[in-house]
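# Results of the structural survey
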Amino acid sequence: MTTAARTPDGEPAEVPDLVIAHLSDTHLTSTGVRYNGLIDPQLALLDVAAALRAAKADGRGPDIIVVSGDLTDSGDPAAYRRLQAALDGIAPQVIYATGNHDVRAVFHAEMLGAAGRTDPMLQVFRLPGLRIVVLDSTVVGAGHGVLTPHHLAELTAELGTPHPGGSIVVLHHAPLAPVSPLLTYFALDRASRRALAAALDGTDTRMVLAGHHHLAGFGLLGRIPVAVAPSTAIRTDPLAPPGHERTFRSAGFNLVNVYREDITVSVVPVDGAQEVFHLDQDGCAAVIDAHPVDPI
Ligand SMILES: [Fe+2]
Ligand SMILES: [Fe+2]
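Residues numbered from 1 in each chain as written. Chains lettered and ligands numbered in written order. Predicted model: local features only at pLDDT ≥ 70, side-chain atom pairs only at ≥ 80, totals over all residues. Heavy atoms only, no water.

The name an unreviewed UniProt entry assigns to the chain is 3',5'-cyclic AMP phosphodiesterase CpdA, from the organism Nakamurella panacisegetis. Recorded under Sequence similarities (unreviewed entry), the UniProt text for the chain is reproduced unchanged: "Belongs to the cyclic nucleotide phosphodiesterase class-III family." (UniProt positions renumbered as here; feature names shortened; annotations may be inferred.)

Structure follows, in structure tokens:
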């Protein structure tokens, strides 16, 4: 049984209305192919999935999983199916965006049940207390990102009607200044970034979730906060020498807690870190009891 968390001011402890596990850049390869010649991205994803399954078993599972693109490394249909299987049963809803390493037609067929659609598809999920709108920022055959005028018009039309609890917008190419030479070249083009900022300004959008940078990060798009999820497989080094692109093996995801008035984003590395301590409820109560709010 869970006891209510205690606060220093007697106000009730805050409980999120929705918990989103935000994963990105899983880069699942075809069977037998290593990602960047070194990494098995399937195993890396399964480590992240295991962390989420453990959280679910402990009563802290996410309500929604968002995976913000580069789901596969080369658009192999079997890799999309393996991704769905790896995340199956963790959350009531899983939402996928496409990335520049995906193949749009295969993504549409395998993940959206829309075989034959070749244009960017706007996905809209109107949930109780939150709307999630997913964009397609990819350019077929290229690595950089673009939001077409038609796609932005669809977004504007959707956001024209506010949703109870507000909206979160998801896209692959992070609409933020990049931190490495390759990300600078494979960026969302500046006109699209400016147009997205203009499209979101004045709407009920509370946050943008993105990927592509392979590095957890935060920023502002105009007045809208942007949270970038890390890759489940690799991590870009933002401190590589100028002009260098350097990447480390690394896994993690973002935990996005959506409250009525606030949103928090926590970066959760999945790195086999050594446990330092683990207090149960009695242990926490003992620490709290030893630290009265009004010390004598
Ligand atoms: Fe990626
Ligand atoms: Fe990407």
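### Points about the overall build of the chain
Within the chain, the regular secondary structure consists of 7 helices and 13 strands. Over its C-alpha trace the chain gives a radius of gyration of 20 Å, about what one expects of a compact globule, namely 19 Å for 296 residues. Counting over 296 residues, the chain shows a buried share of 45%. Within the chain, residue pairs in contact and separated by at least 24 positions form 68% of the contacts whose partners lie at least 6 positions apart. On the chain, roughly 14900 Å² of surface is accessible, and the fraction owed to carbon and sulfur atoms is 57%. (Helix = DSSP H or I, 4+ residues; strand = E, 2+ residues; numbered from the N terminus. Rg over C-alpha atoms; globule rule 2.2 N^0.38 Å. Buried < 20%, exposed > 50% of the residue type's maximum accessible area, 1.4 Å probe, protein only. Contact = heavy atoms within 4.5 Å. Areas by Shrake-Rupley, 256 points an atom, 1.4 Å probe, with all protein chains shown as cover.)

### Brief notes about the coordination of the iron ion (ligand 1)
Protein coordination of the iron ion (ligand 1) is provided by Asp25 (OD), His27 (NE2), Asp70 (OD) and His214 (NE2), with donor distances spanning 2.0 to 2.2 Å. For the iron ion (ligand 1), the 4 donor atoms are set out with angles of 92 to 168° between them, so the coordination reads as irregular. In primary sequence terms, the donor set of the iron ion (ligand 1) follows D-x1-H-x42-D-x143-H. Separation of the iron ion (ligand 1) from the iron ion (ligand 2) amounts to 3.4 Å, with aspartate 70 serving as a shared donor to the pair. For aspartate 25, a relative accessible area of 0% translates into the label buried. (Donors = N, O, S within 2.8 Å, 3.2 Å for Na, K, Ca; no water. Tetrahedral: all angles 85-135°; square planar, octahedral: opposite > 155°, others 65-115°.)

### Some thoughts on the UniProt feature "domain: Calcineurin-like phosphoesterase" (unreviewed entry) in the chain
The UniProt entry lists residues 19–214 under the feature "domain: Calcineurin-like phosphoesterase" (unreviewed entry), expressed in the numbering used here. Annotation note: span residues 19–214, helix share 32%, strand share 20%, distance between end C-alpha atoms 22 Å.

### Some details on the pairing of strand β1 (residues 18–23)
Residues in a regular strand point their side chains to alternate faces of the sheet. The buried fraction of β1 is high, at 6 of 6 residues. By the alternation rule, side chains of β1 split into Leu18, Ile20 and His22 and Val19, Ala21 and Leu23, which are all buried. Bridge analysis of β1 against strand β12 (residues 252–258) gives 5 bridges, and the strand direction is antiparallel. Paired with isoleucine 20 across the strands is valine 256, a residue of β12. Of the strand pairs in this sheet, β1 and strand β2 (residues 64–68) are connected by 4 bridges, and their pairing is parallel. Among the inter-strand pairings, alanine 21 is bridged to a residue of β2, identified as isoleucine 65. (Pairing = 2+ DSSP bridges.)

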